[in-house]
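# Coordinates in review
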Amino acid sequence: MGERLRAVDLARAAGLSTQQVRNYVETGLLPPVERTESGYRVFTDVHAHALTAARALAAGHGWPTTGVIMRAVYGGDLEGALAALDASHAELHRERGELAEVLGVLGALPPLGTLPADRGGLRIGEVADVVGVRTPVLRLWETRGLLRPTREKSTGYRRYSASEVRLARIVVLLRRGNHPFTAIGSLLSELRSGGSPERVRTELAGRESELHRRSLARLRGSAALDAYLGHRRKTFQ
């Protein structure tokens, strides 16, 4: 089973407190531990490797996903662990696709102030499905002045023109990049007034850089998991 370690040894090597190590065990981020007759936890190099893998995974995929992955590994459900890992990578791929789509729209779109008014348009539920947010979020953005749907005279239902839907896509991406409402509002006002979309492109370029950083972090996390799985196979053969 490998060299025996104390909690303090594991904590010191990782730059953590012993309580954090205990918390990792209790939440399933580390494998179960045996105890001595006097009640002390017994760690091994398997736990040390697991701790390295978990922290690398968390840096790229976040702690909730890391917990799902590691608990699946310890439970013998490698397929479940890989499925969670694949879903995390797929989420990033989806964000890249959305970003590329909006950048493409910006490149082909004339200033929004020069577009003719659209007739008809989509209702709020349809827009929510198209841009991937819930309808209360769209209502919030309207309250904040980011979106400006029209209203049907007979029913009062909201209608979103094609240009508003494009703006909603831009808001989605900027909010995912944690841009504040005030900054997004000024960018959209510039687009609506016929200004250049260059500022939006600059903001989205920052989003591209962040996606690149996250992609590398997820790659390192996946590599750390692979190394840990290899160590487990050797240890438990």
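Residues numbered from 1 in each chain as written. Predicted model: local features only at pLDDT ≥ 70, side-chain atom pairs only at ≥ 80, totals over all residues. Heavy atoms only, no water.

This next bit is on helix H8 (residues 162-176). Note that an α-helix has 3.6 residues per turn; residues three or four places apart therefore point the same way. Between its first and last C-alpha atoms H8 spans 22 Å; for 15 residues at 1.5 Å apiece the expected length is 21 Å, and the two agree. Those residues of H8 not exposed but buried are Ser-163, Glu-164, Val-165, Leu-167, Ala-168, Ile-170, Val-171, Val-172, Leu-173 and Leu-174. Positive phi shows up at Asn-178, right after H8, with a value of about 65°. (Helix = DSSP H or I, 4+ residues; strand = E, 2+ residues; numbered from the N terminus. Expected span 1.5 Å × (residues − 1). Buried < 20%, exposed > 50% of the residue type's maximum accessible area, 1.4 Å probe, protein only.)

Going through the model one piece at a time under the given rule, you end up with two aromatic pairs. Ring plane angle 40° and centroid distance 5.6 Å describe the contact between Tyr-24 and Trp-63, whose orientation is recorded as tilted. Of this pair, Tyr-24 sits in helix H2 (residues 18-26) while Trp-63 sits in helix H4 (residues 63-74), and the two are 39 residues apart along the sequence. Tyr-24 sits in the buried class, given a relative accessible area of 12%. Consider the rings of Tyr-74 and Tyr-228, whose centres lie 6.5 Å apart with planes at 90°: the pair is edge-to-face. Here Tyr-74 is found in helix H4, whereas its partner Tyr-228 is found in helix H10 (residues 198-236), with 154 residues between them in sequence. In this structure Tyr-74 comes out as buried when scored by relative accessible area, which is 19%. (Phe/Tyr/Trp six-rings, centres within 6.5 Å; stacked < 30°, edge-to-face > 60°.)

Quick look at the pairing of strand E3 (residues 41-44) now. In terms of strand pairing, strand E1 (residues 4-5) meets E3 through two bridges, oriented antiparallel. What sits directly across from Leu-5, in E3, is Phe-43. Taken together, the two bridges between strand E2 (residues 34-35) and E3 define a ladder with antiparallel strand orientation. Residue Arg-35 lies in a different strand from E3, and its bridge partner there is Arg-41. (Pairing = 2+ DSSP bridges.)

Turning our attention to the sheet that holds E2. Here three strands make up an open sheet; going across it, the order is E1-E3-E2 and the pairing antiparallel. Here the strands that pair on one side only, and so sit at the sheet edges, are E1 and E2.

Our next topic: the side chain of His-231. Here His-231 shows up in helix H10. On the basis of relative accessible area, His-231 is assigned to the buried category, the value being 16%. If near-sequence neighbours (up to four positions away) are discounted, His-231 is found in contact with Asp-45, Val-46 and His-49. (Contact = heavy atoms within 4.5 Å.)

Next up on the list: the nonpolar core. Leu-30, Ile-69, Met-70, Leu-225 and Tyr-228 are the most contacted members of the largest nonpolar core, which totals 29 residues. At the level of secondary structure, the elements contributing two or more residues to this core comprise helix H1 (7-14), H2, helix H3 (45-61), H4, helix H5 (78-108) and H10. Ranked by the residues each element gives to this core, the list is headed by H3, at six residues. Those residues in contact with Leu-225, other than ones at most four positions away along the chain, are Ala-53, Leu-57, Ile-69, Met-70, Val-73 and Leu-85. Among the nonpolar cores identified, the runner-up in size contains 28 residues, and Leu-92, Leu-138, Trp-141 and Leu-167 belong to it. (Core = buried A, V, L, I, M, F, W, Y, C linked by side-chain atoms within 4.5 Å.)

Detail in the predicted coordinates should be disregarded across regions flagged by low pLDDT. When the pLDDT values of the chain are averaged, the result is 85; 90% of them are 70 or greater. Put simply, helix H9 (residues 181-192) is where the chain has its lowest mean pLDDT, 80, and H4 is where it has its highest, 96. Across residues 109-117 the pLDDT falls below 50, and counting only partners more than four positions away or on other chains, this stretch makes 15 contacts in the model. (pLDDT = per-residue confidence, 0-100.)

Turning to the pattern of salt bridges, a few remarks are in order. All told, the structure shown has eleven salt bridges when counted by the stated rule. The partner of Arg-192 in a salt bridge is Glu-164, and the shortest N-O contact between them spans 2.7 Å. You can see Arg-192 sitting in helix H9 and its partner Glu-164 sitting in helix H8, a full 28 residues away along the chain. Like Arg-192, the residue Glu-164 is buried in the burial classification. Salt bridges linked by common partners bring Arg-6, Asp-9 and Arg-12 together as one network. (Salt bridge = Lys/Arg side-chain N within 4 Å of Asp/Glu carboxyl O.)

Where helix H6 (residues 124-131) contacts helix H7 (residues 135-143), the two axes come as close as 9 Å, and the packing angle between them is 105°. With respect to their mutual orientation, H6 and H7 come out roughly perpendicular. Listed contacts from H7 to Ile-124, Gly-125, Val-127, Ala-128 and Val-131 of H6 are Thr-135, Leu-138 and Arg-139. Partitioned by chemical class, the residues of the contact of H6 with H7 number five nonpolar, two polar and one charged. (Axes fitted to C-alpha atoms, helices over the stretch in contact; angles between N-to-C directions. Parallel < 35°, antiparallel > 145°, perpendicular 65-115°, else oblique. Nonpolar A, V, L, I, M, F, W, Y, C, P; charged D, E, K, R; others polar.)

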